[in-house]
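# Architecture and fold: a report
The lines below spell out each chain.
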Amino acid sequence: MLVYLLLSCFASPARAEIVDRVAVVIEDQLVLQSEVSIEAALSQLDDSPSPFWSAGGGNALERLVDAAVLRHSAGAVALYQPHRNDVATRLEAVRAKFEDRRAWATFLSDYGLDEDRLAVVLRRRMVVERYLSRNLTESVQDKPRWQAASDELLAQLRPRTAIRAVPVTH
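Rules used throughout
Residues numbered from 1 in each chain as written. Predicted model: local features only at pLDDT ≥ 70, side-chain atom pairs only at ≥ 80, totals over all residues. Heavy atoms only, no water. pLDDT = per-residue confidence, 0-100. Helix = DSSP H or I, 4+ residues; strand = E, 2+ residues; numbered from the N terminus. Contact = heavy atoms within 4.5 Å. Core = buried A, V, L, I, M, F, W, Y, C linked by side-chain atoms within 4.5 Å. Buried < 20%, exposed > 50% of the residue type's maximum accessible area, 1.4 Å probe, protein only. Axes fitted to C-alpha atoms, helices over the stretch in contact; angles between N-to-C directions. Parallel < 35°, antiparallel > 145°, perpendicular 65-115°, else oblique. Left-handed = near helix turned anticlockwise from the far one by under 90°. Nonpolar A, V, L, I, M, F, W, Y, C, P; charged D, E, K, R; others polar.

## Details of the confidence of the model for the protein chain
- On average, residues of the protein chain score 89 in pLDDT, and 87% of them are at 70 or above.
- Of all helices and strands in the protein chain, the one with the weakest mean pLDDT is helix H1 (residues 2-11) (47), whereas helix H4 (residues 84-95) scores best (98).
- Within the model, the stretch residues 2-9 combines pLDDT values under 50 with 0 contacts to residues more than four positions away or in other chains.

As structure tokens, then:
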């Protein structure tokens, strides 16, 4: 039995593991460095109806921290939760940006994603959009006013939310 156990250990192929790093902790939510990379890519690929997710709205890390603050405020309120069909439609819209299945598979692989994980990311983005659309009265068509109202809301919410940046250690 011991010989079988030892042989099975050596028979397993070696695998490289992707190591991630926690960048920021917001209440009980983590923002991983890999998520910052994903957000930077999605800001170019995901046609969000909200100006919040545009690349012009600060850097990817700042958007993810603000998004976590908003999701914390949204809690588990059903009003802010998108239907799975809406998430699937959004996922299909992102997939359609790629010329073929190979390019799509490469994108997912490059970011350590599969479609289920990307659907979770898109769902989280949609919670933020729903929270903002129901808590801001400004039209998204008037981006400067909308952005000012969004900034004001976040200025009220941030002090009530525990946010801790995790320093890089060597």
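## Some remarks on the nonpolar core
- Counting 26 residues, the largest nonpolar core has Ile26, Phe52, Leu70, Val128, Tyr131, Leu132 and Leu153 as the members making the most contacts within it.
- Those elements giving two or more residues to this core turn out to be strand E1 (22-26), helix H3 (60-74), helix H6 (115-135) and helix H7 (143-157).
- Among the elements that take part in this core, H3 stands out by supplying 8 residues, more than any other.
- Other than its neighbours up to four places away in sequence, Leu70 contacts Phe52, Val128, Tyr131, Leu132, Leu153, Leu154 and Leu157.
- Leu42, Leu45, Leu113 and Val121 belong to the second-largest nonpolar core, a separate cluster that totals 14 residues.

## Topic: the side chain of Glu129
- Along the polypeptide, Glu129 turns up in helix H6.
- For Glu129, a relative accessible area of 9% gives the class buried.
- Excluding residues that lie within four positions of it along the chain, Glu129 makes contacts with Ser48, Pro49, Ser50, Trp53 and Arg90.

## What to know about the packing of H4 against H6
- Between H4 and H6, whose axes approach to 9 Å, the crossing angle comes to 115°. Here H6 runs roughly perpendicular to H4, going by the angle between their axes. Seen from above, H4 lies across H6 with right-handed handedness. Contacts between H4 and H6 pair Asp86, Val87, Arg90, Leu91, Val94 and Arg95 from the former with Glu115, Leu118, Ala119, Leu122, Arg123, Arg125, Met126, Glu129 and Arg130 from the latter.
- Within the contact of H4 with H6, the residues separate by chemical class into 7 nonpolar, no polar and 8 charged.

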